[in-house]
Amino acid sequence: MNLDVFLLILRLLLIVLLYLFLMQVVIAITRDLRKTAAISADVAGKAPPVVGHLVVVDSGPSAVLPGTRFDLQPQTTIGRGPTNTIQLTDNFISGEHTRLWFRNGVWYVQDAGSTNGTFVNNQPARDALAAKLGDIIQVGFIRFKLGA
Amino acid sequence: MASLSPGPLRRYRWKELGLLFIPFIILLLEMIQLPIAQLYQSKLQTNQLSIPFTPAILPTIRDLIPVLGLIAALAALNMLLSFFFPKADQVLLPLVGLLSGIGVLMALRLGPEPLVRDPMLGTRQLAWVLFGLLICAATLFLLRNMNWLKRYKYTWALLGILLVALTIINALRVKNLNSPTHDQLNFGPLNLQPSELLKIFIVVFFAAYLSENRDVLTEGNFRLGPLRLPPLRQLGPILLMLGIALLLFLVIRELGLALLIYGIFLSMLYLGSGKLSYVIGGLLVFVALGFIGYKLFGYIQVRFAAVSLDVVNWQNWSQATVDFSRNGAYQIVQGIIALASGGIIGVGFGLGHAGALVSVAQSDMIFTSLGEEFGLAGLFAIIGIYLLILYRGYRIAIEASNEFDQLLAAGLTSIFAIQTVIIVAGNMKFLPLTGIPLPFLSYGGSSIIANFIIIGILLRISHNTALERAGLA
């Protein structure tokens, strides 16, 4: 065998290996995609359960009508930004204002670094505070009643 | 291994190891081919026409040491990741490993060539890649908390400006703006290119700033004719950063970096606001700036003139064009000739002439050397690898759980995308040729380190996302 034939074989082998590698990666990625698609279909099938409500008792300076009911999920965020579970467009509400979460049958309320603060029965909720049903939760200047 | 629970073995990144297998074979194969090809060429020069193949010309294990070292390092990183970050993305490392391995091989191969004349080139590139893998692991460990990056955003911006200032001072000191090293900082034996780190600082700053001011930017209450622009007060810091970076690179003649930074700015603005009108506005401004630059700076005109060369029709060139192709456009014309002589499957690794004819074939023009030796098929595969890296990066960005991580991952991935497009299109005479490295393939320590830092950040984000997912499920 001549050396140039040997080099030609090596050259072709390299191209074949490069494309085999690309194929292997693409197969791995497709398998990954199927798996995440299955997981997200699972998640989408189970919409987050509604485990409580907030009812507006005092709308303060905002345009929210008293008596409006908001559904609460086990993890709920309130704020002006579009990513919040409950989005309130009011000048006294910060982008990310309040976080509420439900654990072991108890609601916890914590301020998310807002400007005008979050209060549970007039106590500032800078750290997480437990809240019972019927408690008054104040977000900015809007007051809610926690209901089941 | 009896003391280990089945946990580590089950969590082991088998997929990554499996994907690394073919790159290892490719690298070994090329390393075996290199001395044979060099022997073949030296025999050809002595007019020996048919050279028989004997096993005696196969290289010994000692000759394979550079590639064996790289393989060991990649396998070690795979093991390290398996123990500490089992959930990080498993596809990125094989892709990046293969590319940087090819980069090391090209440096080994081009080192002795007449236009490079640096026999230590390959060894140094290997050392940089090994150091880069180390830095990648260090980045993963250091970024325990991504908020740390977000909180000190002005610090990063300041560091970026500092790098810019250092570069300008250095460029003014060197004075010769045509020397290829005018954008480097010399610390002893190290030549650092601050712009490589600058691009990371800029993306981190943009990501942090945009994720905080996203609401205001998407509203866009500042009207200019039919375009709705973001309010200037919110955009101010970003524009300032952009202006400083652009000014620098126009002053010290780094057209490629100016393009890269402007590209990052536009893509991140679009990712953050989702408004096409901002991008269109940005492009219009860019065209205007480009026109002014074209009128003002002679070197930009030369580069555009090189793009308009009609290489296919070379037989009908006038004397002036021939002179231009031997001076101003020499590099690009030689690069095109090298690309063309590669054909479909290439002339074979170690057998091309790019290193002897194309200036800076080891960094800016590496794409043409690759094209000559691996051919069109090889170039398509390499572009395919880049596309897969980009896909993986944007995938990590989509899946990330908060806005900052999303913008950061997408912005860092965009760096690869824009940089590859600029330099590949430059080498192929679609865009004016500019001096920025091809990620992972070009020779250059700063570029390798910066790219591995980016890969480290991407891996960390994917690991964090997977951990959060697992925590919720």
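Calculation criteria
- Residues numbered from 1 in each chain as written.
- Chains lettered and ligands numbered in written order.
- Predicted model: local features only at pLDDT ≥ 70, side-chain atom pairs only at ≥ 80, totals over all residues.
- Heavy atoms only, no water.
- Core = buried A, V, L, I, M, F, W, Y, C linked by side-chain atoms within 4.5 Å.
- Buried < 20%, exposed > 50% of the residue type's maximum accessible area, 1.4 Å probe, protein only.
- Helix = DSSP H or I, 4+ residues; strand = E, 2+ residues; numbered from the N terminus.
- Contact = heavy atoms within 4.5 Å.
- Pairing = 2+ DSSP bridges.
- Polar contact = N/O pair within 3.5 Å; in protein donor to acceptor, adjacent residues only side chain to side chain.
- Axes fitted to C-alpha atoms, helices over the stretch in contact; angles between N-to-C directions.
- Parallel < 35°, antiparallel > 145°, perpendicular 65-115°, else oblique.
- Nonpolar A, V, L, I, M, F, W, Y, C, P; charged D, E, K, R; others polar.
- Buried area = accessible area lost by both parts, 1.4 Å probe.
- Salt bridge = Lys/Arg side-chain N within 4 Å of Asp/Glu carboxyl O.
- 1 Å grid on protein atoms, 1.4 Å probe; cavity = no way out; pocket = protein on both sides within 12 Å on 5 of 7 lines; lining within 4 Å.
- Points joined across faces, edges and corners; volume = space filled by probe spheres on them.
- Phe/Tyr/Trp six-rings, centres within 6.5 Å; stacked < 30°, edge-to-face > 60°.
- pLDDT = per-residue confidence, 0-100.

**Some remarks on the nonpolar core**
The nonpolar side chains of a soluble globular protein tend to be buried, and buried together.
Right, so step 1: Among the nonpolar cores identified, the biggest contains 150 residues, and B:F206, B:L370, B:L408, B:L441 and B:I457 are the most heavily contacted of them.
Right, so step 2: A total of 14 residues in this core trace back to one element, the largest contributor, which is helix α17 (residues 366-399) of chain B.
Right, so step 3: Setting aside chain neighbours within four positions, we find B:L370 in contact with B:I102, B:M106, B:G375, B:L379, B:I382 and B:L441.
Right, so step 4: Grouped together as the second largest cluster of nonpolar side chains are 20 residues, A:V64, A:L88, A:I93 and A:V120 included.

**What to know about the sheet that holds strand β7 (residues 118-120) of chain A**
All names here are of chain A.
Right, so step 1: Within the open sheet, the 6 strands sit side by side as β2-β1-β11-β10-β7-β8. Their pairing is antiparallel. For this open sheet the edge positions go to β2 (69-72) and β8 (123-124), each flanked by a neighbour on one side alone.
Right, so step 2: One ladder, built from 4 bridges, connects strand β1 (residues 52-58) with β2; its direction is antiparallel. Paired with V55 across the two strands is R69, which belongs to β2.

**Section: the side chain of A:S62**
Residues and elements named next belong to chain A.
Right, so step 1: Topologically, S62 is positioned in the loop between β1 and β2.
Right, so step 2: Its relative accessible area of 12% is what places S62 among the buried residues.
Right, so step 3: Only 3.3 Å separates the side chain of S62 from the backbone nitrogen of V64, close enough to count as a polar contact.
Right, so step 4: The contact partners of S62, leaving out residues within four places of it in the chain, are D90 and I142.

**Here's the deal with the packing of helix α2 (residues 14-45) of chain B against helix α4 (residues 92-110) of chain B**
Residue and element names in this part refer to chain B.
Right, so step 1: In the contact formed by α2 and α4, the axes pass within 9 Å of each other and the chain directions differ by 10°. When the axis of α2 is compared with that of α4, the two are roughly parallel. Mapping the contact onto sequence places E16, L19, L20, P23, I26, L27, E30, M31 and L34 in α2 and L93, P94, L98, G101, I102, L105, L108 and R109 in α4.
Right, so step 2: Of the residues that constitute the contact of α2 with α4, the class distribution is 13 nonpolar, 1 polar and 3 charged.

**A few points about the pairing of strand β11 (residues 142-147) of chain A**
All names here are of chain A.
Right, so step 1: In this sheet, β11 lies alongside β1 in antiparallel orientation, the contact comprising 5 bridges. Residue pairing across strands places L54 opposite L146, the latter belonging to β11.
Right, so step 2: Counting the residues in the hairpin turn of strand β10 (residues 136-139) and β11 gives 2 residues, including G140, whose phi is positive at 65°.

**Thoughts on the interface of chain A and chain B**
Right, so step 1: Of the residues lining the interface, 30 residues belong to chain A; the matching set on chain B comes to 42 residues.
Right, so step 2: Buried area between chain A and chain B, both sides added, is near 3200 Å², and the carbon and sulfur share of it is 75%.
Right, so step 3: Interface area lost by chain A to chain B is led by A:L3, A:R11 and A:F21, which between them contribute 20%.
Right, so step 4: In this assembly, chain A and chain B are joined by 2 salt bridges.
Right, so step 5: Across the salt bridge formed by B:R392 and A:D32, the nearest N and O atoms sit 2.8 Å from each other.
Right, so step 6: In this structure, the connection of chain A to chain B is made through 6 residue pairs in polar contact (both at pLDDT 80 or more).
Right, so step 7: Along the lines of polarity and charge, the residues of the side of chain A that touches chain B split into 22 nonpolar, 5 polar and 3 charged.

**Some thoughts on the sheet that holds strand β4 (residues 86-87) of chain A**
Either a parallel or an antiparallel arrangement is found when strands of a sheet pair, and the pairing is made through backbone hydrogen bonds.
All names here are of chain A.
Right, so step 1: Judged by pairing direction, the sheet is mixed, and its 5 strands sit side by side in the order β4-β3-β5-β6-β9 without closing on themselves. Both edges of this open sheet fall to β4 and β9 (129-131), since each of them pairs with a single strand only.
Right, so step 2: Across 4 bridges, strand β3 (residues 75-79) lies against strand β5 (residues 98-103) in antiparallel orientation. If you follow T77 over to β5, its bridge partner there is R99.

**Digging into the pattern of salt bridges**
Right, so step 1: Counting across every chain of the model gives 10 salt bridges over all chains.
Right, so step 2: Between A:D32 and B:K15 there is a salt bridge; the shortest N-O distance is 2.9 Å. With A:D32 in helix α1 (residues 3-45) and B:K15 in helix α2, this residue pair bridges two chains.
Right, so step 3: With a relative accessible area of 30%, B:K15 lands in the partly exposed category.
Right, so step 4: The network of salt bridges with common partners includes A:D32, B:K15, B:D89 and B:R392.

**What to know about the environment of B:T434**
All names here are of chain B.
Right, so step 1: Mapping T434 onto the fold places it in the loop between α18 (403-427) and α19 (445-472).
Right, so step 2: Taking the relative accessible area as the measure of exposure, T434 reaches 2% and is therefore buried.
Right, so step 3: Along the sequence, T434 and G290 sit 144 residues apart, while their C-alpha atoms lie 14 Å from each other.
Right, so step 4: Excluding residues within four positions of it along the chain, T434 makes contact with L255, G256, R303, I422 and I423.

**A look at empty space enclosed by the protein**
Right, so step 1: Under the defined criterion, the tally for this structure stands at 2 cavities of 30 Å³ or more.
Right, so step 2: The wall of the second largest cavity is formed by A:L14, A:L18, B:I26, B:E30, B:I102, B:F374 and B:I382.
Right, so step 3: Here the lining of the second largest cavity is composed, by residue class, of 6 nonpolar, no polar and 1 charged.

**Some points on the packing of aromatic side chains**
Residues and elements named next belong to chain B.
Right, so step 1: Summed over all chains, the structure comprises 20 aromatic pairs over all chains.
Right, so step 2: Ring plane angle 10° and centroid distance 5.9 Å describe the contact between W156 and F201, whose orientation is recorded as stacked. Of this pair, W156 sits in helix α7 (residues 153-174) while F201 sits in helix α8 (residues 194-212), and the two are 45 residues apart along the sequence. F201 carries the same exposure label as W156, and that label is buried.
Right, so step 3: Site record: aromatic cluster; members linked through ring pairs are Y154, F205, F206, Y209, Y262, F265 and F286.

**Structural notes on the confidence of the model for chain B**
Right, so step 1: Within chain B, residue pLDDT values average 83, and 88% of them lie at 70 or more.
Right, so step 2: Note on residues 1-5 of chain B: pLDDT under 50 across the span, and 0 contacts to partners over four residues away in sequence or across chains.

**Looking at unusual backbone geometry**
Right, so step 1: With a phi angle near 70°, A:N122 is a residue other than glycine that sits in the positive phi range.
Right, so step 2: Relative to the elements of secondary structure, A:N122 occurs in the loop between β7 and β8.
Right, so step 3: Of the residues examined, A:N122 reaches a relative accessible area of 55% and is grouped as exposed.
Right, so step 4: Its identity as a non-glycine residue notwithstanding, B:K429 has a phi of 70°, on the positive side.
Right, so step 5: The exposure class of B:K429 is buried, given its relative accessible area of 16%.

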